[in-house]
Amino acid sequence: NAGVMQNPRHLVRRRGQEARLRCSPMKGHSHVYWYRQLPEEGLKFMVYLQKENIIDESGMPKERFSAEFPKEGPSILRIQQVVRGDSAAYFCASSPPNGGEEQFFGPGTRLTVL
Amino acid sequence: AQSVTQLDSQVPVFEEAPVELRCNYSSSVSVYLFWYVQYPNQGLQLLLKYLSGSTLVKGINGFEAEFNKSQTSFHLRKPSVHISDTAEYFCAVILNRDDKIIFGKGTRLHILP
């Protein structure tokens, strides 16, 4: 059973470009969470999604950031018009449909904005 | 609101010595408690979790943690560390199942030869 997959693992963008980060949850999991790890800081929650629904986006910046988890395909975290401060590691986690305390993390996408 | 405090940002310890990484949490209600480990340039791996029951929880790689409700602590311990334990350790809480995880800022464990 493959774990949570994220791609790309490393992404370099210039200021003003768009970044798209993908997350495929573990097989059978329908809950997806995105977290951001800024340099020298811990991980901060961004958004919680279930298939076709955003459940909690309280951690998402108000502008430029959006997330989706369509019926088919991976979850996408989209950052428009990236700025240097968006440089961070972005982690996706998933949990099963019957709920659970444990979230299983992917390897992360390290975004560098030049 | 819930919060997690890891008092030490870095902990150096000699190989084969014992280690304790401290974690305190703040919450007015019961929470679920976790310790995660992040090896360099990798994702997070669950070390152990406390949901209910026995306050002493054993995890992978010889780690254990003790839940202390009166002190709102969940310190992580290992009796003898190995060079391979070099990593960053995160204490975390959730309020309910399916809830977002609230992480501490992490403690970097440096193993000295």
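Look above for the structure.
Residues numbered from 1 in each chain as written. Chains lettered and ligands numbered in written order. Predicted model: local features only at pLDDT ≥ 70, side-chain atom pairs only at ≥ 80, totals over all residues. Heavy atoms only, no water.

Undergrad: Before we go on, may I ask you to explain the overall build of chain B in this structure?
TA: A count of helical and extended segments in chain B gives 0 helices and 12 strands. Secondary structure elements in chain B, listed N-terminal to C-terminal, are β-β-β-β-β-β-β-β-β-β-β-β. Relative to the globule expectation of 13 Å for 113 residues, the C-alpha radius of gyration of chain B, 13 Å, shows essentially globular dimensions. Taken along its principal axes, the extent of the C-alpha atoms in chain B is 40 × 30 × 20 Å. Here chain B holds 113 residues, and the buried ones make up 43% of them. Residue pairs in contact within chain B that sit at least 24 positions apart in sequence constitute 55% of those at least 6 positions apart. Split by element, the accessible area of chain B, about 5600 Å² in all, is 50% carbon and sulfur. Averaged over its 10 positive side-chain charges, chain B has a centre that lies 7 Å from the centre of its 10 negative ones. (Helix = DSSP H or I, 4+ residues; strand = E, 2+ residues; numbered from the N terminus. Rg over C-alpha atoms; globule rule 2.2 N^0.38 Å. Buried < 20%, exposed > 50% of the residue type's maximum accessible area, 1.4 Å probe, protein only. Contact = heavy atoms within 4.5 Å. Areas by Shrake-Rupley, 256 points an atom, 1.4 Å probe, with all protein chains shown as cover. Lys, Arg positive; Asp, Glu negative; His and termini not counted. Charge placed at Lys NZ, Arg CZ, Asp CG, Glu CD.)

Undergrad: Help me out: how do you make sense of the sheet that holds strand β1 (residues 5-7) of chain A in this one?
TA: By definition, the strands of a sheet pair up through backbone hydrogen bonds, in either a parallel or an antiparallel sense. All names here are of chain A. Reading across the sheet, the 4 strands line up as β1-β3-β8-β7 and stay open at both edges, with antiparallel pairing between neighbours. The open sheet has two edge strands with one neighbour each: β1 and β7 (65-68). With direction set aside, neighbouring strand axes in the sheet form an average angle of 15 degrees. (Pairing = 2+ DSSP bridges. Axes fitted to C-alpha atoms, helices over the stretch in contact; angles between N-to-C directions.)

Undergrad: Hey, could you run me through the nonpolar core in this one?
TA: If you look at soluble globular proteins, the nonpolar side chains tend to sit buried side by side. By size, the foremost hydrophobic cluster in this structure holds 28 residues, and its most contacted members are W35, L48, L76 and Y89 of chain B. Among the elements of the structure, β2 (10-14), β3 (19-21), β5 (32-38), β6 (44-50), β8 (64-68), β9 (73-78), β10 (87-94) and β12 (107-112) of chain B are those that each provide at least two residues to this core. The leading source of residues in this core is β10 of chain B, at 4 residues. Beyond its immediate chain neighbours, meaning those up to four positions away, L48 of chain B contacts L33, F34, W35, V57, K58, G59, F63, E64, A65, F74 and L76 of chain B. Formed by 23 residues, the second largest nonpolar core is a distinct cluster that contains V47, F65, A67 and Y90 of chain A. (Core = buried A, V, L, I, M, F, W, Y, C linked by side-chain atoms within 4.5 Å.)

Undergrad: How do you make sense of the interface of chain B and chain A when you look at a structure like this?
TA: A common way to express how large an interface is: the accessible area buried when the components associate. Taken residue by residue, the interface counts 22 residues in chain B and 25 residues in chain A. Regarding the contact of chain B and chain A, the summed buried area is about 1800 Å², with carbon and sulfur atoms giving 50% of it. The largest share of the area that chain B buries against chain A comes from R97, D98 and K100 of chain B, three residues that together contribute 31% of it. The interface formed by chain B and chain A includes 1 salt bridge. Here E102 of chain A makes a salt bridge to K49 of chain B, at a shortest N to O gap of 3.5 Å. (Buried area = accessible area lost by both parts, 1.4 Å probe. Salt bridge = Lys/Arg side-chain N within 4 Å of Asp/Glu carboxyl O.)

Undergrad: Help me out: how do you make sense of the pairing of strand β5 (residues 43-50) of chain A in this one?
TA: Put simply, side chains in a regular strand alternate between the two faces of the sheet. Residue and element names in this part refer to chain A. Extensive coverage of β5 is indicated by the burial of 6 of its 8 residues. Remark: 5 residues form the turn of the hairpin made by strand β4 (residues 31-37) and β5, two consecutive strands paired antiparallel; E40 in that turn has positive phi of roughly 65 degrees. With 3 bridges joining them, β5 and strand β6 (residues 53-56) adopt antiparallel strand pairing. Each bridged residue has a counterpart across the sheet, and for L49 the counterpart in β6 is I54. What sits between β5 and β6 in their antiparallel hairpin is a turn of 2 residues, with E52 showing a positive phi close to 65 degrees.

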